[in-house]
Amino acid sequence: MTLTLPTENPNIQSTGSFDMFTKIQDHEQVVFCNDPETGLKAIIAIHDTTLGPALGGTRMRPYHTFEDALEDALRLSKGMTYKNAAADNDFGGGKGVIIGDPMKDKTPELFRAYGQFIDSLKGRFYTGTDMGTVLDDFVHAHKETNCIAGLPEEYGGGGETSIPTALGILYSIQAVANTLWGHENLTGKRFAIQGLGKVGYKVAEHLLEHGADLYVTDVSEEAIQALVEKAGGKAKAVKNDEIYGVDADVFVPCAIGGIINDQTIDQLKVKGIAGAANNQLLHENHAKILKDKGILYAPDYIVNSGGVIQVADELYGPNKSRVLSKTKTIYRSILEVLKQSETENITTLEAANLVCEKRLNVRKQRASFFSPNKRPKWEVRY
Ligand SMILES: NC(=O)c1ccc[n+]([C@@H]2O[C@H](COP(=O)([O-])OP(=O)(O)OC[C@H]3O[C@@H](n4cnc5c(N)ncnc54)[C@H](O)[C@@H]3O)[C@@H](O)[C@H]2O)c1
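Quick look at the structure, then. Keep in mind the model is a prediction, meaning the values are calculated, not measured.

1. Points about the overall build of the chain
(1) Moving on: Counting secondary structure elements, the chain contains 14 helices and 12 strands.
(2) Moving on: For 382 residues, the compact-globule formula gives about 21 Å, and the C-alpha radius of gyration of the chain, at 22 Å, lands near that figure.
(3) Moving on: By principal-axis analysis of the C-alpha atoms, the chain measures approximately 75 × 50 × 45 Å.
(4) Moving on: For the chain, the proportion of its 382 residues judged to be buried stands at 50%.

This is the structure we're talking about:
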């Protein structure tokens, strides 16, 4: 990657290139944070603030190269613009990445330094936990900035996000059921759940309460054991690589991304997919392959938006009932996306993206109405 600034003398032609700006051209702002004292090396990518300040988690990973870290920050922050738009949150898209090993490199001082960088953005970026970071890390960052979301309840936050996330998945499954079978009754329907962690386990509990039968898998034997015991004969444990081929109605991926790909699609016998995992499709074209195969795919970033609904809502002061009623809207959002995909003969992912882009465009038009040079006279006070 090269970044060569042009000379200030307009008579001398720059021979440099702007590869970096080409790379970040979709984004409003990218901030590099470097604090030698604490060892903090981080990138904050702000993709779009049309709907409000950027909101997205901060992940910590021992990235192999600077380019890998930048790529992750750019990709994930753009995803957050769509996720916040889909959830109808008054927030734009952003993401932070800290370059380091979460097992070895974390210190309270490092997160305080990160908090100072966030604060320097003066409210343009709000963040909280993601892969490799935990709530306690952001308790340290919170000492330096108010722009932290998703705090523990004892610090005035909304607490565990997996509760609304799991509910959003249940509502999405009901919307898929309604589209497939004309009703939401899940009794006797069979679900294949991959991953029984914070979200997957709660989804399994909801489905059991609704009379469903489950196939479950996890890399943790204890997680499987706990669920199978709880289910009393309604859940069957399968090996990790067998979950794709089981004879279920709906696949519920709640573990890792990229699991819908050329190899797994060939094995799938399900009629629908709705789960918590981020970035389930290995490539966007897998949405088309699923459509051609007649599998109804509920786009992950709407299905799993219960968590970000809670985090965004927390900034108005935590309120569980408000979060739960907003999480219920996921049902209608998924239903509409599935219907639009059918009527317009586009993939469900394309339909979801269109809904988000429409929301962004509407707000962009309103923003220009209120831009300084078009402000109504009664607003101008000099
Ligand atoms: N927690 C939230 O509120 C939230 C919100 C949005 C999206 N998500 C996404 O949902 C997914 C699950 O989140 P979580 O909070 O439950 O995470 P978690 O770490 O608590 O649970 C993940 C589970 O998946 C299992 N697992 C990992 N690899 C597996 C594999 N190859 N096969 C089977 N099981 C495997 C793990 O053992 C673990 O039990 C993640 O992709 C996460 O990014 C979570």
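On we go.
2. A word on the environment of Y171
(1) Moving on: Residue position: Y171 is located in helix α5 (residues 162-181).
(2) Moving on: For Y171, a relative accessible area of 13% corresponds to the buried category.
(3) Moving on: Linking Y171 and V303, residues 132 residues apart in sequence, is a C-alpha distance of 8.2 Å.

3. Notes on the pairing of strand β1 (residues 29-35)
(1) Moving on: Bridge count between β1 and strand β2 (residues 40-48): 7 bridges; the pairing is antiparallel. Across the sheet, the residue bridging to C33 is A42, located in β2.
(2) Moving on: Between β1 and β2, which follow one another and run antiparallel, lie 4 residues, and G39 among them has a positive phi close to 85°.

4. Some thoughts on the nonpolar core
(1) Moving on: One finds L207 and L214 to be the most contacted residues of the largest nonpolar core, which totals 104 residues.
(2) Moving on: Sort the elements by how many residues they give to this core and α5 lands first, with 9 residues.
(3) Moving on: Among all residues touching L207, those that are not within four sequence positions of it are L170, I173, L186, F191, I193, A212 and L214.
(4) Moving on: Judged by nonpolar contacts, the second largest core, of 11 residues, contains I24, A45, A69 and L74.

5. A short note on the pairing of strand β10 (residues 250-253)
For a regular strand, side-chain orientation follows a simple rule: the groups alternate between the two sheet faces.
(1) Moving on: Where burial is concerned, the two faces of β10 agree: the one with V250 and V252 and the one with F251 and P253 are both buried.
(2) Moving on: Pairing of strand β7 (residues 190-194) with β10 involves 4 bridges; the strand directions are parallel. Note on β10: the bridge partner recorded for Q194 is P253.
(3) Moving on: In the sheet, β10 pairs with strand β11 (residues 272-273) via 2 bridges, with the strands oriented parallel. Residue pairing in the sheet places F251 in a bridge with I273 of β11.

6. Some words on the site of the ligand
(1) Moving on: The full set close to the ligand counts 18 residues, and T161, T165, V199, D218 and A255 are the nearest of them.
(2) Moving on: A276 places a main-chain nitrogen or oxygen 3.3 Å from an oxygen atom of the ligand.
(3) Moving on: When the free accessible area of the ligand is taken as 830 Å², the share hidden by the protein chains comes to 73%.
(4) Moving on: Secondary structure elements with two or more residues in the shell around the ligand: α5 and α6 (198-209).
(5) Moving on: Among the residues making up the shell around the ligand, the classes are represented as 8 nonpolar, 8 polar and 2 charged.

7. Re the pattern of salt bridges
(1) Moving on: Tallied over the entire structure, the rule returns 21 salt bridges.
(2) Moving on: With a closest N to O distance of 3.7 Å, D72 and R61 form a salt bridge. Taken as a pair, D72 in helix α2 (residues 66-86) and R61 in strand β4 (residues 58-61) lie far apart in primary sequence, 11 residues in all.
(3) Moving on: Overall, D72 belongs to the buried group, its relative accessible area being 7%.
(4) Moving on: By relative accessible area, R61 is classed as partly exposed at 34%.
(5) Moving on: With a closest N to O distance of 3.0 Å, D249 and R190 form a salt bridge. Remark: R190 occurs in strand β7 and D249 occurs in the loop between β9 (235-237) and β10; sequence separation between them is 59 residues.
(6) Moving on: D249 sits in the buried class, given a relative accessible area of 5%.
(7) Moving on: A network of salt bridges, in which partner residues are shared, links R59, R61, D72, R75, K95 and D130.

8. Overview of helix α3 (residues 108-120)
(1) Moving on: Along its 13 residues, α3 runs 19 Å from first to last C-alpha, staying within 8% of the 18 Å computed at 1.5 Å per residue.
(2) Moving on: Those residues of α3 that fall on the buried side of the exposure criterion are L110, F111, A113, Y114, G115 and I118.
(3) Moving on: Those residues of α3 hidden inside the fold are in contact with β1, β2, β4, β5 (92-99), β6 (125-126) and α4 (135-142).
(4) Moving on: Positive backbone phi, at 50°, marks K122, one or two positions downstream of α3.

9. Details of α6
(1) Moving on: The end-to-end C-alpha distance of α6 is 17 Å, a good match for the 16 Å that 12 residues give at a rise of 1.5 Å each.
(2) Moving on: Burial in α6 covers these residues: V199, G200, V203, A204, H206, L207 and L208.
(3) Moving on: G211 lies just past α6 and shows a positive phi near 80°.

10. Some details on the packing of aromatic side chains
Note on aromatic pairs: each is described by the distance of the centres and the angle between the planes.
(1) Moving on: Across all of its chains, the model carries 5 aromatic pairs by this definition.
(2) Moving on: Ring geometry for Y244 and F251: centres 5.8 Å apart, planes at 70°, overall edge-to-face.
(3) Moving on: When its relative accessible area of 12% is taken as the criterion, Y244 is described as buried.
(4) Moving on: Seen from the ring of W181, K189 lies directly overhead, with NZ or CZ sitting 4.1 Å from the centre.

11. Looking at the side chain of D313
(1) Moving on: Among the structural elements, D313 can be located in helix α11 (residues 306-314).
(2) Moving on: Each residue touching D313, except ones within four places of it in the same chain, is listed here: N319, R322 and V323.

Rules used throughout
- Throughout this document, residue positions are counted from 1 along each chain, in the order its sequence is written.
- Selection of residues for local features in this predicted model requires a pLDDT of at least 70, selection of side-chain atom pairs for listing and counting requires 80 or more, and totals for whole chains, interfaces and linings are taken over all residues.
- Only hydrogens and water are removed before side-chain values are computed, so all heavy atoms of the structure are retained for them.
- Counting from the N terminus, the helices are the DSSP runs of H or I reaching at least four residues and the strands are the DSSP runs of E reaching at least two.
- Throughout, radius of gyration means the C-alpha value; the globule benchmark is 2.2 Å times the number of residues raised to the power 0.38.
- Burial classification: accessible surface area is computed with a 1.4 Å probe over protein chains only, and a residue below 20% of its type maximum counts as buried, one above 50% as exposed, and the rest as partly exposed.
- Should DSSP find at least two bridges between two strands, the strands are taken to pair.
- Only buried Ala, Val, Leu, Ile, Met, Phe, Trp, Tyr and Cys residues count toward a nonpolar core, and they belong to the same one when joined by side-chain atoms within 4.5 Å.
- Here a residue-residue contact requires only that any non-hydrogen atoms of the pair lie within 4.5 Å.
- Here a residue counts as near a molecule or strand whenever at least one of its heavy atoms sits within 4 Å of it.
- The term polar contact refers here to a pair of N or O atoms within 3.5 Å; inside protein, the definition further demands a hydrogen-donor-capable atom paired with an acceptor-capable atom, and it admits residues adjacent in sequence only when both atoms are side-chain atoms.
- Computed with a 1.4 Å probe, the accessible areas rest on the Shrake-Rupley method; for each residue, only the protein chains presented here act as cover.
- The residue classification treats Ala, Val, Leu, Ile, Met, Phe, Trp, Tyr, Cys and Pro as nonpolar and Asp, Glu, Lys and Arg as charged. All others, Gly included, are polar.
- Whenever a carboxyl oxygen of Asp or Glu lies within 4 Å of a side-chain nitrogen of Lys or Arg, that contact is scored as a salt bridge.
- The span one expects for a helix is its residue count, reduced by one, times 1.5 Å.
- Two aromatic rings from Phe, Tyr or Trp, using only the six-membered ring of Trp, form a pair when their centres are within 6.5 Å; if the ring planes differ by under 30 degrees the pair is stacked, by over 60 it is edge-to-face, and anything between is tilted.
- Whether a charge sits over a ring comes down to the Lys NZ or Arg CZ being within 6 Å of the ring centre and within 35 degrees of the ring normal.

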